[in-house]
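Structure assessment
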Amino acid sequence: FNSAIDYTKRSIQITSENADKPSVDKHHLVKLYNNLRIYYDSLKLEDEMNAAVDSMIAMSIRFKSGYEFVMPELSKRTVYWYNVGDYHKCLSHALTGESFAREREDIIYGFYYLLWKVNAHFALKQYGEARRMLENAGELLQEAELSTVPYIRAQLGTLYAQLAEAYAHDGQDKQALQFFQKALHYEKQLGTKEGCAQILTNWSYYLYHKKLKDYAKALMFYKKALAFSDETEAINIYSNIANVYVE
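Residues numbered from 1 in each chain as written. Predicted model: local features only at pLDDT ≥ 70, side-chain atom pairs only at ≥ 80, totals over all residues. Heavy atoms only, no water.

**With respect to the overall build of the chain**
When you go through the chain residue by residue, the secondary structure sums to 13 helices and zero strands. The linear arrangement of helices and strands in the chain, starting from the amino end, is α-α-α-α-α-α-α-α-α-α-α-α-α. At 23 Å, the chain has a C-alpha radius of gyration far larger than the 18 Å of a compact globule built from 247 residues. Buried residues in the chain amount to 46% of all 247 residues. (Helix = DSSP H or I, 4+ residues; strand = E, 2+ residues; numbered from the N terminus. Rg over C-alpha atoms; globule rule 2.2 N^0.38 Å. Buried < 20%, exposed > 50% of the residue type's maximum accessible area, 1.4 Å probe, protein only.)

In structure tokens, the structure reads:
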């Protein structure tokens, strides 16, 4: 791989230095940086691999090409930065990916990056930003509701639950109730008990338990959540129920 890296770097240098010449295909730089990424990854050189990915993305933005190389890696980087706790870099990568998706009218990637932007804003406790982002994505969400793509259908409940939670944080109770109901509707369509339990738990906690202090309804929704929960989720729900009785 070391020889492959050396020759690829030479190719990148020559292509970059002669990018203005008609005989040189400057769009090839995206593929070259992708090859460099593969070689570094094979050698477990993470820093060098990350630098190659960043250069590949920069070349793709500059020359508006190489979408097929960039999008899979950009999506990985978005999740990577979220998982290591750098939510601002997660947002930056998600915004870049969203721009690519919009240019190519790619609803799957558009929905994917919307989800991660919202996740990052929630992690930063920027609930108002998350709410505005979802409100502004109304057209995309309407397309998603009509979509038959499994990935999109699987995320609708999560996104609507996050919008409901953001409304609850902002004190917009009616909107919170509306979107918790909508989230549960889509999650039930999927038939995922874990997802239903999480939505009902958050519905109870953020709206009835903490915001409205309606402890009777909070208990009722926690008990509804228990009907869908596994043992792990049940521990959290029972803890919340206990807290209701001491407040």
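Text resumes after the structure shown.
**Considerations on the confidence of the model for the chain**
In the predicted model, the chain carries a mean pLDDT of 91, and the fraction of residues at 70 or more is 100%. By mean pLDDT, helix α8 (residues 138-146) is the weakest element of the chain at 86, and helix α12 (residues 215-226) is the strongest at 95. (pLDDT = per-residue confidence, 0-100.)

**Structural notes on the packing of aromatic side chains**
All chains considered together, the criterion is met by 17 aromatic pairs. Taken together, a centroid distance of 6.2 Å and an interplanar angle of 40° make the contact between Y112 and Y151 tilted. Taken together, the positions of Y112 in helix α6 (residues 107-123) and Y151 in helix α9 (residues 150-169) put the pair 39 residues apart, joining distant regions of the chain. Look at Y112 and you get buried, because its relative accessible area is 16%. Each ring, one from F180 and one from W203, has its centre 5.8 Å from the other, and the planes form 5°; the classification is stacked. Residue F180 is found in helix α10 (residues 173-190), and its partner W203 is found in helix α11 (residues 193-209); the two are separated by 23 residues along the sequence. An identical accessibility class is assigned to F180 and W203; each is buried. Each residue in the set Y82, Y87, Y109, Y112, Y113, W116 and Y151 is aromatic and connected to the rest through ring pairs, giving one cluster. In this structure, K89 is placed above the aromatic ring of W81, and the distance from its NZ or CZ to the ring centre is 4.3 Å. A cation over a ring is seen here: K224 above F221, with NZ or CZ 4.6 Å from the ring centre. (Phe/Tyr/Trp six-rings, centres within 6.5 Å; stacked < 30°, edge-to-face > 60°. Lys NZ or Arg CZ within 6 Å of the ring centre and 35° of its normal.)

**Details of the nonpolar core**
Judged by nonpolar contacts, the single largest core of 42 residues is most densely connected at F111, L114, V118, L159, Y160 and W203. Elements that contribute at least two residues to this core include exactly α6, α7 (127-136), α8, α9, α10, α11, α12 and α13 (231-245). For this core, the leading source of residues is α9, giving 10 residues. Leaving out residues up to four positions away in the same chain, L159 has contacts with F111, L114, L115, V118, L134 and L141. Counting 27 residues, the second largest nonpolar core, distinct from the first, contains V53, I57, A94 and F100. (Core = buried A, V, L, I, M, F, W, Y, C linked by side-chain atoms within 4.5 Å. Contact = heavy atoms within 4.5 Å.)

**Some points on helix α1 (residues 2-17)**
Over its 16 residues, α1 runs 23 Å from end to end, which matches the ideal 22 Å to within 8%, given 1.5 Å per residue. Restricting attention to buried positions, one finds in α1 the residues I5, T8, I12 and T15. Along the axis of α1, the buried positions cluster into a sector of 95°, meaning they face one direction only. Relative to its buried face, α1 has exposed residues pointing more than 90 degrees away, namely N2, Y7, I14 and E17. Considering only its buried residues, α1 is in contact with α2 (28-42). (Expected span 1.5 Å × (residues − 1). Arc of directions from axis to C-beta.)

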